[in-house]
Amino acid sequence: MARYALGTKQHPRFLWRVFWLTRTLVDFALSQEVYAPHSIRIEGHLTLGGLFPVHTRGTESTPCGDIKKENGIHRLEAMLYALDQINLDDQLLPNITLGARVLDTCSRDTYALEQSLTFVQALIQKDTSDVRCTNGEPPVFVKPEKVVGVVGASASSVSIMVANILRLFQIPQISYASTAPELSDDRRYDFFSRVVPPDSFQVQAMVDIIRALGWTYVSTVASEGSYGEKGVETFQQISKEAGGICIAQSLKIPHNPKLEDYDKAVQQLLDMHHSRAVIIFASEEDIRGVLNATRRANQVGHFLWIGSDSWGSKSSPIHQLEDVAVGAVTILPKRSSIKGFDEYFTSLTLENNRRNVWFAEFWEENFDCRLLSSSKREDTSRKCTGQERIGIDSKYEQEGKVQFVIDAVYAMAYALHNIQRDLCPEHSGICPGMEAAEGKTLLKYIRNVSFNGSAGTSVMFNKNGDAPGRYDLFQFQMTNSSVPEYRPIGQWVETLQLRLEEMQWPVGEPGVPISVCSLPCKTGERKKRVKGMPCCWHCELCDGYQYQYDETLCRLCSYDMRPDPNRTTCQPIPIVKLEWHSPWAVIPVFLAMLGIIATIFVMATFVRYNDTPIVRASGRELSYVLLTGIFLCYIITFLMIAKPDVGVCSFRRIFLGLGMSISYAALLTKTNRIYRIFEQGKQTVTAPRFISPTSQIAITSSLICLQLLGVLIWFAVDPPNTVIDYDEQKTMNPNLARGVLKCDITDLQMICSLGYSILLMVTCTIYAIKTRDVPEDFNEAKPIGFTMYTTCIVWLAFIPIFFGTAQSAEKLYIQTTTLTISMNLSASVALGMLYMPKVYVIIFHPELNVQKRKRSFKAVVTAATMSSRLSVKPSERPNGEAKSELCENPPTDPMSGILNWNPWPTTAEESGMPTGATSVTAARDSGIPMEGPSVTEAAAFKSERTEECMEASRSTNTISPRPSTTGPPGTVPWTRATRTPSTRGIVLPGGLVLPTPP
């Protein structure tokens, strides 16, 4: 026997303990000659052992409890029925009768171990040399029958305990109900086989059912022992491999549980309120205990039970607990009701079934009566008549494992039949070779049998002794008659076939109830797993520009994409540009159109009146250049709003700074000319260089060419192109994100393009400031000055607006609108201040646009000098000096004086122009401010100067001029002139002084 103990290298200590316990129990049995007091013995050539749970588990003082009608008596009678059928079959085991030794396990593994010692007594050699009777004779022992194989047991825990004993004596064992996966280990339970599939198949069916129902969060309840604990362990393993199922908690019902244990288990299940589905691997007693506790907790209909084959389609676990069990889904190995057994069992009476020592007890329980006064039943006084009939006077339904009990017995019979055929070919009964055959031989034949079982299905075993997995699925439902019953809802034969439409649930459940830890996340939300609980998560929205890549991951869309409304994928960001109908474009376009119309009108007026004095006096060449620049400033508005493409972007680069460069180059040339003329006029009467119209155009063109040169370099370094800027309007809300189609022009490049124009503008402003004291009667310095001051204010406002909105989502619109409006305003200011007054005079006061006498360059400079001196504040001069200076220091050229006013000289000599000026027209066009004062202005100037000089003369005791009675009105006659010490000239009538030649 030692070699068997060492056969399993992984568990030597365990097997040694089993061997020691077995040896001890055998010694005790032999010494006491203990035989099972309650067992069934049927004589035969070959004896099969049988283990059945005839009674429930008893209390601590008594090993057995109440009788079990279905699981005990039905299964036991199924074995007896199968033996009868085999013994009556002439083709199967001819001339061989099968006997039986049937024992009660009382649903307890330790008690079953004690009972199973009966099966090995015949295999133990007895040493009786030291034993003598009282008379000195050797004792005579009754030789127990040899058990060739055992059918049983029912519970997996019992089968495991018994299997460890039987394997030591090489007795094959076939179970009809033990499904623990542990028993599939051929190294530890090599003599164990079963006609029912292991729980690994059953668990796989459970996992498939749970997944089909959409449950992901379940709890488990197991009876303490191999069946329950190993079943749950296998469920945990397979569900983990399958994925998508989490176990909220695993509870275990202890041996000999109390009501408090069941109540505690139910309360723990309720603590996980999201886990409504409960997988239960438990005995019938524990199933009833859990259902009762659920009712006591007032939670009927809350739990969704998934019962193993220990529940199956039995009525005993749910008797009087039907309301709690409604909706339970149970699994049962595929079976059929054996009609022959029904006839056999319902025909049994107390008279014809005396071989079953427990049948009388069953009779009392089944018919609720008492047979004898010594009966153990004390809850009824009704006496049994013996005339009761099963199925007529009591309810009868064939127990689910009857088919498998019959198949197990037949498997033994077929194996023995094949041995007899092979070892005894010439004998019709048992031959010596068959008697000498070991248990290994029988085991080999058992593993190789294959036949159609009692239900017509094939019976076979794999290398581990397991039967193929075939299950029927049931649900306990309320029927139309309001009587709940088990209804078939599908089957599992390697794959699940579940009829969901036929399933019913507790009252109040409109559809399949849910049993999940966390509800599914909405579209666009990812699952953030709870640590240690893969089926529990928090839902987090894929925010910003993220989309749901999978159920646990959000990913960022590419730079030119944004998530769709469902956030399940990315879609292109819409492309926008400044539209013509946008309010940001309407205002600049409106201003530009008005400006263009006005510019064209001014230009047409000047062309129409090109030879009139006002137009000629304005400097026609530079005026047309300036008007062209103003026109281009308005035109750029349309280029800035037009849809960007390579052509539009090219024109933007060219005209962005060109219009302003042309305008301010012309104005700079004008102001510079004026400044040079009057600065040089203070020192000499010689005209400055480069003030002719040709020179003015050349200077202006040179300044403009610098702008064009910069643009050409820009084209060469960075060719124009369009880009889509996705960062400009990439808002926090991706639904508002837009890609901006624009030219490949950065803010820095735009400022550099406008920088040269701004430089011209600033320079022109400086010259305008320097020429601010030039009388406006003689030139355009002051209008140009006002134009430049206003323009500077416009562009000073433009810069903070342009750069201050660089980070704004509306950057495209604000910057474009600001730039175009600034350019429109700059052009409008120049157009309004420099040309609108002239156009007004030309159109509405043509009488002022007439040819007048011209004055010389020297006269102009002298008048400007006089005006500048008068412009000094009197408070800054000595008393009287302000009024007498002009009288004391008149111009050196008496012809340019106010008395003999000749504003427009008619000859080159008179005009004082340098040699080479051949006509008055050439002198005028050479740069001299053309339009002199009108007659009224000249008279007013003369009167003012006369009054000042007369006042100065009186203050110095000079001879007062005498009025003359001759001469034209409005003139001072030459009557008398006196020389005074305080003057350096002759005082003319009227108070004016004529300077004395040197």
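The coordinates are above.
Computed from a predicted structure; not experimentally measured.

Conventions and cut-offs
Residues numbered from 1 in each chain as written. Predicted model: local features only at pLDDT ≥ 70, side-chain atom pairs only at ≥ 80, totals over all residues. Heavy atoms only, no water. Phe/Tyr/Trp six-rings, centres within 6.5 Å; stacked < 30°, edge-to-face > 60°. Helix = DSSP H or I, 4+ residues; strand = E, 2+ residues; numbered from the N terminus. Buried < 20%, exposed > 50% of the residue type's maximum accessible area, 1.4 Å probe, protein only. Lys NZ or Arg CZ within 6 Å of the ring centre and 35° of its normal. Disulfide = S-S within 2.5 Å. Pairing = 2+ DSSP bridges. Axes fitted to C-alpha atoms, helices over the stretch in contact; angles between N-to-C directions.

To continue, consider the packing of aromatic side chains. How two aromatic rings sit relative to each other is given by the distance of their centres and the angle of their planes. If you walk through the whole model with that rule in mind, you get 23 aromatic pairs. Taking the centre distance of 5.5 Å and the plane angle of 85° together, the rings of Tyr559 and Tyr726 count as edge-to-face. With a gap of 167 residues between them, Tyr559 in the loop between β22 (553–556) and β23 (561–563) and Tyr726 in strand β26 (residues 722–729) connect regions that are remote in the sequence. Given a relative accessible area of 58%, Tyr559 falls into the exposed group. Seen from their ring centres, Phe606 and Tyr835 are 5.4 Å apart, and the 75° between their planes marks the pair as edge-to-face. Residue Phe606 is found in helix α16 (residues 583–608), and its partner Tyr835 is found in the loop between α23 (811–834) and α24 (836–844); the two are separated by 229 residues along the sequence. In this pair, the class of Phe606 matches that of Tyr835, namely buried. Feature note: the residues Tyr81, Phe341, Tyr344, Phe345, Phe359, Phe362, Trp363, Phe367 and Tyr396 constitute an aromatic cluster, connected by ring pairs. If you follow Arg653 out to its NZ or CZ, it ends over the ring of Phe715, 5.8 Å from the centre.

What follows covers the state of the cysteines. Per the stated rule, a full pass over the model turns up nine disulfides. Disulfide partner of Cys424: Cys431, at an S-S distance of 1.5 Å. On the sign convention where negative means left-handed, the S-S torsion of about -65° between Cys424 and Cys431 marks this disulfide as left-handed. Grouping residues by exposure puts Cys424 and Cys431 together as buried. At a sulfur-sulfur separation of 1.8 Å, the disulfide partner of Cys517 is Cys536. Of note, the bridge from Cys517 to Cys536 carries an S-S torsion of about 110° and is right-handed in sense. Within this pair, whereas Cys517 is found in the loop between β18 (495–498) and β19 (525–530), its partner Cys536 is found in strand β20 (residues 533–541), the two being separated by 19 residues in sequence. Both residues of the pair, Cys517 and Cys536, count as buried. Unpaired in terms of disulfides, Cys764 finds its nearest cysteine sulfur in Cys792, a separation of 8.8 Å.

Another point: the sheet that holds strand β8 (residues 192–194). The mixed open sheet is built from six strands, whose spatial order is β1-β5-β2-β6-β7-β8. The strands lining the two open edges of the sheet, one partner per strand, are β1 (39–42) and β8. Recorded for the sheet is a direction-independent mean angle of 20° between the axes of neighbouring strands. The pairing of β1 with strand β5 (residues 98–104) spans four bridges and is antiparallel. Directly across from Ser39, in β5, lies its bridge partner Leu103.

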